[in-house]
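Chains, contacts and geometry: an overview
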Amino acid sequence: MSELQMRVSYDDRERTAELLQHAFSEGRLTQPELEERLESALTAKTYGDLLALTTDLPVDQPQVGDVVELESKNGAVKRSGDWAVPRRLRVASKYGSVDLDLSTAVIPHQVVDIDLDLTYGSARIVLPEGAVANVDGFQADWGQSSTTKVPSRPRPGVLHVVITGRAKYGGLTVRYPRRRWFTH
């Protein structure tokens, strides 16, 4: 079975609907086109159905200034909470760890590229529920290789994180947020 034939979830349909509404707000779709596509998105059964609704819309391309570089020689690089995630994030850490929590961050684009340059530290990246991450471009020389507990194949309307780079004496972990017990 190809990926385009896989069944979609309610969240997949909602993300596609949000993309269509954004395209309408930019003037890329007329009101009748939006209504027709929204109806199709909310009743879609497969990823192929959803992809057909957005293929004629432009994909955001990185702009100058959309690259953020974070660097630390001795301390940890940490981002969490309500922070704006750039399209491209380059993180270099010589003796510290990297902890990027994207689960509650503001992410206005579909694809995020993260390039890691670690010497003696490891990286932990927490993704929003449903997001996917490709870690094929990350290399660990002497430490733990990459451990991922999230799917890697891109899906329409879902955040796709592409992680590249290397860790000389460290590793990489990619996961979803931990579920909390006893919360109301």
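Data block above holds the structure.
Let us look at the structure shown here. Computed from a predicted structure; not experimentally measured.

1. Examining the environment of L127
Residue position: L127 is located in the loop between β6 (123-126) and β7 (132-140). In sequence terms L127 and V174 are 47 residues apart; their C-alpha atoms lie 7.3 Å from each other. Dropping the residues within four chain positions of it, L127 is found in contact with L102, S103, V132, A133, V150, V161, V174, R175, Y176 and P177.

2. A closer look at the packing of aromatic side chains
Per the stated rule, a full pass over the model turns up two aromatic pairs. When the centroid spacing of 5.3 Å and the interplanar angle of 0° are considered together, the rings of Y95 and Y120 count as stacked. Taken together, the residues span a long stretch of sequence, with Y95 in the loop between β3 (88-93) and β4 (98-101) and Y120 in the loop between β5 (111-118) and β6 at a distance of 25 residues. Since its relative accessible area comes to 45%, Y120 is described here as partly exposed. On the basis of an interplanar angle of 5° and a centroid distance of 5.1 Å, the ring pair of Y120 and Y169 is categorised as stacked. Note that Y120 is positioned in the loop between β5 and β6 and Y169 in the loop between β9 (160-167) and β10 (172-175), a separation of 49 residues in sequence. Taking the relative accessible area as the measure of exposure, Y169 reaches 40% and is therefore partly exposed. Taken together, the ring pairs in this structure connect Y95, Y120 and Y169 into an aromatic cluster.

3. Section: the nonpolar core
Residues I114, L116, I125 and L127 are the most contacted members of the largest nonpolar core, which totals 29 residues. Among the secondary structure elements, those contributing two or more residues to this core are β3, β4, β5, β6, β7, β9 and β10. The biggest single contributor to this core is β5, with four residues. Each residue touching I125, except ones within four places of it in the same chain, is listed here: L100, L102, I114, L116, I163, L172, T173, V174 and R175. Counting residues in each nonpolar core, the second largest holds 13 residues, with V8, L38, A41 and Y47 among its members.

4. Some points on the packing of helix α1 (residues 10-25) against helix α3 (residues 47-54)
One can describe the packing of α1 onto α3 by two numbers: an axis separation of 10 Å at closest approach and a directional angle of 5°. Relative to α3, the element α1 lies roughly parallel. Counting all contacts with α1, which are made through D12, R13, T16 and L20, the residues of α3 involved are Y47, L50, L53 and T54. Tallied by class, residues from the contact of α1 with α3 come to four nonpolar, two polar and two charged.

5. Quick notes on the pattern of salt bridges
Where charged atoms from two side chains of opposite charge approach closely, those side chains can pair. Tallying each qualifying case throughout the model produces eight salt bridges. One salt bridge in this structure joins R37 and D56, with 2.8 Å as the shortest N-O distance. Of this pair, R37 sits in helix α2 (residues 31-42) while D56 is found in the loop between α3 and β1 (67-72), placing the two residues 19 residues apart along the sequence. Measuring nitrogen to oxygen at the nearest pair gives 3.6 Å for the salt bridge that ties K73 to E71. Assigned by exposure class, K73 and E71 land together as exposed.

What counts as what
- Residues numbered from 1 in each chain as written.
- Predicted model: local features only at pLDDT ≥ 70, side-chain atom pairs only at ≥ 80, totals over all residues.
- Heavy atoms only, no water.
- Helix = DSSP H or I, 4+ residues; strand = E, 2+ residues; numbered from the N terminus.
- Contact = heavy atoms within 4.5 Å.
- Phe/Tyr/Trp six-rings, centres within 6.5 Å; stacked < 30°, edge-to-face > 60°.
- Buried < 20%, exposed > 50% of the residue type's maximum accessible area, 1.4 Å probe, protein only.
- Core = buried A, V, L, I, M, F, W, Y, C linked by side-chain atoms within 4.5 Å.
- Axes fitted to C-alpha atoms, helices over the stretch in contact; angles between N-to-C directions.
- Parallel < 35°, antiparallel > 145°, perpendicular 65-115°, else oblique.
- Nonpolar A, V, L, I, M, F, W, Y, C, P; charged D, E, K, R; others polar.
- Salt bridge = Lys/Arg side-chain N within 4 Å of Asp/Glu carboxyl O.

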